[in-house]
Amino acid sequence: LTELLKAEEESWEQGSTGAIVGLYAEKLAAYNNGNKVEPQSWKIIFGHREDWESWLTKRLRHAMYEIDRNVVYTTVGADGQEAIAVTRETVTTKYDKGPAIHSLDRYVLWLASRKSGSWRISQVFFDIGLSKQ
């Protein structure tokens with residue numbers, strides 16, 4: 001699971017849409033939690049891998065990412081087919097036009113599954129409401 005998250009991080013830094021998308025399940029749900037714990041405030045930002053791929057293709061043409069990701073917690077279910085991870089990360093974004101650089105510290109909750117073989121990310125919750133101590 002840690003290898004999956006490292007591959008996802010590296011794919012962002014390489015700007016590889018195909019590599020990023022290949023790590024996600026066909027039925028993907030991605031949420032922005034807005035640094036809140038209460039689920040009623042979470043927003044679904046992507047509901048399918050095709051939407052995710054389309055957004056990434058447009059985004060990675062003009063933005064470059066650096067991610068400093070630390071895995072805080074992982075666990076695999078008893079059947080070995082489902083897993084949960086929490087990461088703490090700093091994401092820095094630079095744009096090909098202009099000097100603006102944006103940085104964000106956040107915790108991310110990852111849900112992954114596999115039927116056989118490789119893990120695939122099925123749900124991701126960005127910016128979950130954990131203290132950034």
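As a reminder, the structure under discussion sits directly above these lines.
Residues numbered from 1 in each chain as written. Predicted model: local features only at pLDDT ≥ 70, side-chain atom pairs only at ≥ 80, totals over all residues. Heavy atoms only, no water.

### Concerning the pattern of salt bridges
Condition: We count a salt bridge whenever a side-chain nitrogen from Lys or Arg sits within 4 Å of a carboxyl oxygen from Asp or Glu. Numbering of helices and strands runs from the N terminus, with a helix taken as a DSSP run of H or I at least four residues long and a strand as a DSSP run of E at least two residues long. Buried residues are those whose accessible area, probed at 1.4 Å on protein chains only, stays under 20% of the maximum for their type, while exposed residues exceed 50% and partly exposed ones sit between those limits.
Taken as a whole and judged by the stated rule, the model has six salt bridges. Glu-9 is the salt-bridge partner of Lys-6, the closest N and O atoms lying 3.8 Å from each other. Pair noted here: Lys-6 and Glu-9 are both in helix α1 (residues 2–14), with a separation of three residues, about one helical turn. Residue classification places Lys-6 among the partly exposed positions, given a relative accessible area of 41%. Residue classification places Glu-9 among the buried positions, given a relative accessible area of 6%. Between Arg-69 and Glu-8 there is a salt bridge, with the nearest N and O atoms lying 2.9 Å from each other.

### Points about the side chain of Glu-89
Here is the rule we go by: A 3.5 Å cut-off defines polar contacts: any pair of N or O atoms within that distance qualifies, except that in protein one atom must be a possible hydrogen donor and the other a possible acceptor, and neighbouring residues in sequence count only when both atoms are side-chain atoms. Any two residues whose heavy atoms approach within 4.5 Å at even a single point are treated as in contact.
Structurally, Glu-89 is set in strand β4 (residues 82–95). Within the structure, Glu-89 has its side chain in polar contact with the side chain of Arg-69 (distance 2.6 Å). Of note is the side chain of Glu-89, whose polar atom sits 3.4 Å from the side chain of Thr-87. Each residue touching Glu-89, except ones within four places of it in the same chain, is listed here: Ile-67, Asp-68, Arg-69, Leu-104, Asp-105, Arg-106, Val-108 and Trp-110.

### Details of unusual backbone geometry
The phi dihedral of Asp-127 falls on the positive side, at around 60°, and the residue is not glycine. Its relative accessible area of 13% is what places Asp-127 among the buried residues.

### Things to note about the environment of Gly-22
As for its position among the elements, Gly-22 is in the loop between α2 (17–21) and β1 (24–32). The class for Gly-22 is partly exposed, based on a relative accessible area of 31%. For the pair Gly-22 and Arg-120, spaced 98 residues apart in sequence, the C-alpha to C-alpha distance is 8.1 Å.

### Quick look at a nonpolar patch on the surface
Cut-off, in case you're wondering: Here a patch means residues that are over 30% exposed by relative accessible area and free of salt bridges, tied together within 9 Å if like-charged and within 5 Å if nonpolar (Val, Leu, Ile, Met, Phe, Trp, Tyr). A 1.4 Å probe and the Shrake-Rupley method give the accessible areas. Residues count as covered only by the protein chains that appear here.
Side chains of Val-72, Tyr-73 and Ile-84 sit close together on the surface and give an oily, nonpolar patch of about 270 Å² of accessible area. The residue Tyr-73 is located in strand β3 (residues 63–76) in this model.

### Considering α1
Operational definition: For a helix, the expected span equals 1.5 Å multiplied by the number of residues minus one. What the arc describes is the spread of directions from the helix axis to the C-beta atoms.
Counted at 1.5 Å a residue, the expected span for α1 with its 13 residues is 18 Å, and the 18 Å between its end C-alpha atoms agrees. Every buried residue belonging to α1 is among Leu-4, Leu-5, Glu-8, Glu-9, Ser-11 and Trp-12, and all of these are buried. The arc that holds every buried residue of α1, seen down its axis, measures 160°, which confines them to one face. For α1, the exposed residues lying more than 90 degrees away from the buried face are Glu-3 and Gln-14.

So, to be careful, I would describe these as geometric facts and stop short of saying anything about function.
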